[in-house]
Every structure is written in structure tokens, then in C-alpha cells.
Amino acid sequence: MTELFRVQYPIVSAPMGGAAGGALAAAVSNGGGLGLVGGGRADADWLDRELAIAAERTDRPWGVGFLSWAVGPDLVERALAHRPDAVLLSFGDPRPLAEPVRRAGVKLIIQVTDLDEAREAVAVGADVIVAQGTEAGGHSGGRATLPFVPVVVDLAAPTPVLAAGGIAEGRGLAAALALGAAGALIGTRFLATPEALIAPREVKAILDRGGEDTERSRLPDIARGAPWPARYPGRALTNVLLERWRGHEDEFDRDEAAKGEYRAALARGEEAVATVWASEAIDLITEVTPAADLVGLIAREAQAALARAGRLSAAG
């Protein structure tokens, strides 16, 4: 991973839509990792602005990520004009978007949530595959990180695999490496940085609450009218929406008045209804840390964890 992208550490920041802008991506890259801008379903003007910021603030490798189900090749080609070093595609058929990336000679990263998607990523010719587990914040598939990562590592060899989902510090990175991964893609931990484009109340919620306060649901997408494929529910902090409608997603989807009430409350700024996407690993997030410093901290923690494991192995 480090040789492929010419980075110091095998740490990649997730391209979290709306939150991972150019400043965060550049800071991660400057810290020795690979920072990714969250293209997501972003409009072209937002994307142009954030990609320009990333390109301006770092001379190290950086990239951008897109939702395969949500964008077309035109937006990917627009992003490629900013000369990123990598493009990550996730959630959906990557083939239509992979073609312009390959044509541009840019490294292609494909995130997968099950083995069918992993086989497809290999067939497409991904340079790197991300095996994402259900512990991840935001949207994910149904496989747990720990058993899923080594299966994808074996299936995809020799293509390098990154582990994702529930990794928030160096011990998680060390565990990923022990599973055979070439590194880790980390999302929620990078939300607790000054560079992330999220509100202070969201950061406070991540710091104050724990993994047991998160759950996966389609309700936030139904409520905001986001047409996410149903196979990818999102993990967020529990709120009044989830508590009221848990287990009644289809009923809520049909109730226009209830959805209208939710959107009105959100427009009024009522925090109790706001969606805060968060990983199960938020118990491990205790402070706001500059993104560049965080990369080095995670790397040092991983080195210490691997050294401990090595001493135990030698003693045994």
C-alpha cells in the first residue's frame, strides 16, 4: 500500500460525503496517509471547490471517492481534471465509472461489502480493494469486519486489500495488518478533527456517546428522501426518529405526514432528530485531533501493538 501510493503509512481516510472535504484530505496526506475527498452525490460546484483545496494544500498523493449508484462518468471525469492520484468507488456497479479512471491512468480503489462485490472488483481490475464491515459508520453491507477481511484478502490476492469498519485507532490498524490487509480505511475517527466539515454538535455527540448508541437502519435515508439502495442501511447514533419508527420502516415510508414532520423539525434545527453517522468504534474516540497528527498517532499505536504481539509470540 505504501509503495503503491508513495505514502508513509498504510492509512486512508474515508471519502465521507459532505464531511471529507479538501482540507481534511490534504491534512491526512500531509500527515503521511492517503486523504480522500468525499465526492459522494455532491454537486459539481462543491466537488470542484473541495478538489481544488486538496490539490492546493498538499503536494502528496490524494484522491476522491464516489457512490457508484449515484453518479455518472461525467462527474468522475470532471474530478479527474483535478489530477487526483486515486479514485475510490463504492456501493454499486463500479464498471461504468471505472473506465474513465483506468483511461486516465489513475489508481482505482473499489470498496466491497460481500464476496460477489469482491469478485467483481477483481474482474474490473481494481488496484486496491476495501473490505468494509458492518461496524462502519454510515452505509455498509452485512458482513462483520473481522471474518470478512481475511476472506477478501485470500480471494483478491495479489491485489492489496484495506480493512474498513470499526477501526478508530492503531490497535485496529494492527489487527487489520494481522488479518492480511495492506492497511486500513478509517472514517468516523477523522470526523473528530478540526478539518472535517461537520457541525460542532455532531463532533460532541461522537465524543460523548458509545458504540452501543449506534444502530443500522434505512430510516434516516427514508426520512430525508435519499434514494440509497435498501441493501446498504446506514449506521448512526440513535435518535428520536429511530426510537419511534424502528422496525416500521415501510410504514414510515408510506406516511407522508410523519416524514413531513421530521423534515420540518430538522429545518428548525432540532438536534434530537438529526442524523449523526458514526462507527461502532466511537468509544475509542475521546478528543478532537488535527488530522495530520492523527495519522502519525494511529501509526505509532499500530507499531506498538505489533511490537507487543511480536514479544508475546517470541515468549510463547
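The present account deals with the structure reproduced in this document. (Residues numbered from 1 in each chain as written. Predicted model: local features only at pLDDT ≥ 70, side-chain atom pairs only at ≥ 80, totals over all residues. Heavy atoms only, no water.)

1. As for the sheet that holds strand β8 (residues 161–164)
Spelled out, the test is: Two strands pair if DSSP finds at least two bridges between them. A helix here means a DSSP run of H or I that spans at least four residues, while a strand means a run of E at least two residues long, and both kinds are numbered starting from the N terminus. Between the N-to-C directions of two axes lies an angle of 0 to 180 degrees, each axis being a line fitted to C-alpha atoms and, for a helix, fitted only over the stretch in contact. Residue contacts are defined here by distance: any two heavy atoms, one from each residue, within 4.5 Å place the two residues in contact.
Judged by pairing direction, the sheet is parallel, and its eight strands sit side by side in the order β1-β9-β8-β6-β5-β4-β3-β2 without closing on themselves. Looking at which strands have only one partner, the edges of the open sheet turn out to be β1 (11–13) and β2 (35–40). Ignoring strand direction, the axes of neighbouring strands in this sheet form an average angle of 25°. Of the strand pairs in this sheet, β8 and strand β9 (residues 183–186) are connected by three bridges, and their pairing is parallel. Directly across from L162, in β9, lies its bridge partner G183. Seen against the sheet, helix α8 (residues 170–178) touches β1, β8 and β9 and runs at an angle of roughly 135° to β9.

2. A word on the environment of E301
Locating E301 in the fold gives a position in helix α14 (residues 291–315). Along the backbone, E301 and G17 are 284 residues apart, and their C-alpha atoms lie at a distance of 27 Å. If we ignore the near neighbours within four places in the chain, the residues touching E301 are E169 and G170.

3. A look at the sheet that holds strand β11 (residues 234–237)
Backbone hydrogen bonds are what pair the strands of a sheet, in a parallel or an antiparallel way. Reading across from one edge, β7-β11-β10 is the order of the three strands in this open sheet, with antiparallel pairing throughout. The outermost strands of the open sheet, each flanked by one partner alone, are β7 (138–139) and β10 (214–217). Here β10 runs beside β11; their pairing, made up of four bridges, is antiparallel. Paired with E215 across the two strands is A236, which belongs to β11.

4. Observations concerning the packing of aromatic side chains
Cut-off, in case you're wondering: Between rings of Phe, Tyr and Trp, where Trp is taken as its six-membered ring, a pair exists when centres lie within 6.5 Å; planes separated by under 30 degrees are stacked, by over 60 edge-to-face, and by other angles tilted. Using a 1.4 Å probe on the protein chains alone, a residue whose accessible area is under 20% of its type maximum counts as buried, one over 50% counts as exposed, and one in between counts as partly exposed. Charge-over-ring placement is defined geometrically: NZ (Lys) or CZ (Arg) within 6 Å of the ring centre, and within 35 degrees of the ring normal.
The full count for this structure, using the stated rule, is four aromatic pairs. Judged by centre distance (5.1 Å) and plane angle (75°), the rings of F91 and W228 are edge-to-face. Here W228 lies in the loop between α10 (219–224) and β11 and F91 lies in the loop between β4 (86–90) and α5 (95–103), a separation of 137 residues in the sequence. With respect to burial, F91 and W228 carry one shared label: buried. Arranged with centres 4.8 Å apart and planes meeting at 65°, the rings of F91 and Y232 form a pair that is edge-to-face. Of this pair, F91 sits in the loop between β4 and α5 while Y232 sits in the loop between α10 and β11, placing them 141 residues apart in sequence. Each member of the pair F91 and Y232 is classed as buried. Three or more aromatic residues joined by ring pairs make a cluster, and in this case those are W69, F91, W228 and Y232. The cationic tip of R244 hangs over the ring face of W245; the distance from NZ or CZ to the ring centre is 4.0 Å.

5. Considering helix α4 (residues 73–80)
Filter applied, for reference: Each direction from the helix axis to a C-beta atom contributes to the arc, which is the arc of those directions.
Taken residue by residue, α4 has L75, V76, A79 and L80 as its buried positions. End-on, the buried residues of α4 take up no more than an arc of 145°, which puts them together on one face. Residues of α4 that are buried sit in contact with α3 (44–57), β3 (62–67), β4 and α5.

6. What to know about the pairing of strand β6 (residues 128–132)
What counts, and what does not: Crossover handedness is defined by viewing with both strands directed away from the observer: a clockwise path from the first strand over the helix to the second marks the crossover as right-handed.
Within β6, five of the five residues are buried, leaving the element largely enclosed by the surrounding structure. Where strand β5 (residues 107–112) meets β6, four bridges bridge the pair, whose relative direction is parallel. Opposite I109, over in β6, you have V128 as the bridge partner. Considered for its hand, the β-α-β crossover made up of β5, helix α6 (residues 115–124) and β6 is right-handed.

7. Notes on the pattern of salt bridges
A side chain with one charge may pair with a side chain of the opposite charge, provided their charged atoms come close. Here is the rule: For this analysis, a salt bridge means a side-chain nitrogen from Lys or Arg found within 4 Å of a carboxyl oxygen belonging to Asp or Glu.
Applying the stated criterion across every chain, the model contains 21 salt bridges. Between E169 and R171 there is a salt bridge whose closest N-O contact spans 2.7 Å. Among the salt bridges present, the one from E280 reaches R235, with a minimum N-O distance of 3.7 Å. You can see E280 sitting in the loop between α13 (256–267) and α14 and its partner R235 sitting in strand β11, a full 45 residues away along the chain. Each of E77, E99 and R103 takes part in one network of salt bridges that share partners.

Any link to function would need more than the numbers given here.
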